[in-house]
Amino acid sequence: MPQESAYFIIENVDDKHDLKDVKRGLDQMHGVHSVSVSLDSHLVAIDYDSSGVSYDLIENRLNKMGYQIAADASDIHTR
């Protein structure tokens, strides 16, 4: 079970409702283990099983939910 993490900076996260919406939408994906969203930094951190879901599927889900990805923040967390 390959465990991976993805980090995104997203736009359109304005309040706690958006935080819950992002968390709920990603938590429902098969293979996603945990989702953390920061209102201050607009950072979304996702831990997932790459045999059940891919980085691209997570990115597509965020886009379909109406959240624009401003940046891939993986570099921030791997240093």
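This text goes with the structure placed above it.
Residues numbered from 1 in each chain as written. Predicted model: local features only at pLDDT ≥ 70, side-chain atom pairs only at ≥ 80, totals over all residues. Heavy atoms only, no water.

Asks: Looking at this model, I keep getting lost on the side chain of Asp18. Mind explaining?
Replies: Mapped onto the fold, Asp18 is located in helix 1 (residues 16-27). Within the buried set, Asp18 has no salt-bridge partner at all; the shortest N-O distance to an opposite charge, 8.9 Å, is to Arg24. Asp18 has contacts with Asn12, Val13 and Tyr67, leaving out every residue within four places of it along the chain. (Helix = DSSP H or I, 4+ residues; strand = E, 2+ residues; numbered from the N terminus. Buried < 20%, exposed > 50% of the residue type's maximum accessible area, 1.4 Å probe, protein only. Lys, Arg positive; Asp, Glu negative; His and termini not counted. Salt bridge = Lys/Arg side-chain N within 4 Å of Asp/Glu carboxyl O. Contact = heavy atoms within 4.5 Å.)

Asks: Is there a simple way to think about the sheet that holds strand 2 (residues 32-37) in this case?
Replies: One key point about sheets: their strands pair by backbone hydrogen bonds, in either a parallel or an antiparallel sense. With respect to topology, four strands assemble into an open sheet ordered 2-3-1-4, the strand pairing being antiparallel. With one partner strand each, in any of the chains shown, strand 2 and strand 4 (69-72) form the two edges of the open sheet. Direction aside, the axes of adjacent strands within the sheet are offset by 25° on average. Bridging between strand 2 and strand 3 (residues 43-49) involves five bridges; their strand directions are antiparallel. Counterpart to Val37 in the pairing with strand 3 is Val44. Together, strand 1 (3-10), strand 2 and strand 3 form the strand contacts of helix 1, whose direction differs from that of strand 2 by roughly 170°. Each of strand 1, strand 3 and strand 4 is contacted by helix 2 (residues 55-64), which is oriented at about 30° to strand 1, the strand it contacts most. (Pairing = 2+ DSSP bridges. Axes fitted to C-alpha atoms, helices over the stretch in contact; angles between N-to-C directions.)

Asks: Teacher, can you tell me more about the nonpolar core here?
Replies: Taken as a class, soluble globular proteins show a tendency for nonpolar side chains to be buried jointly. Counting residues in each nonpolar core, the largest one holds 18 residues, and the members touching the most others are Phe8, Ile10, Leu26, Ile46 and Ile58. Listed by contribution, the elements that provide at least two residues to this core are strand 1, helix 1, strand 2, strand 3 and helix 2. Discounting chain neighbours no more than four positions away, the residues touching Ile46 are Glu4, Ser5, Ala6, Phe8, Leu26, Val32, Ser34, Val35 and Ile58. (Core = buried A, V, L, I, M, F, W, Y, C linked by side-chain atoms within 4.5 Å.)

Asks: What is the right way to read the packing of aromatic side chains from this model?
Replies: Centre-to-centre distance and the angle between the planes together describe a pair of aromatic rings. Under the counting rule described, the total for this entry stands at one aromatic pair. The interplanar angle of 40° and the centroid separation of 5.0 Å between the aromatic rings of Phe8 and Tyr55 together place this pair among those described as tilted. Of this pair, Phe8 sits in strand 1 while Tyr55 sits in helix 2, and the two are 47 residues apart along the sequence. (Phe/Tyr/Trp six-rings, centres within 6.5 Å; stacked < 30°, edge-to-face > 60°.)

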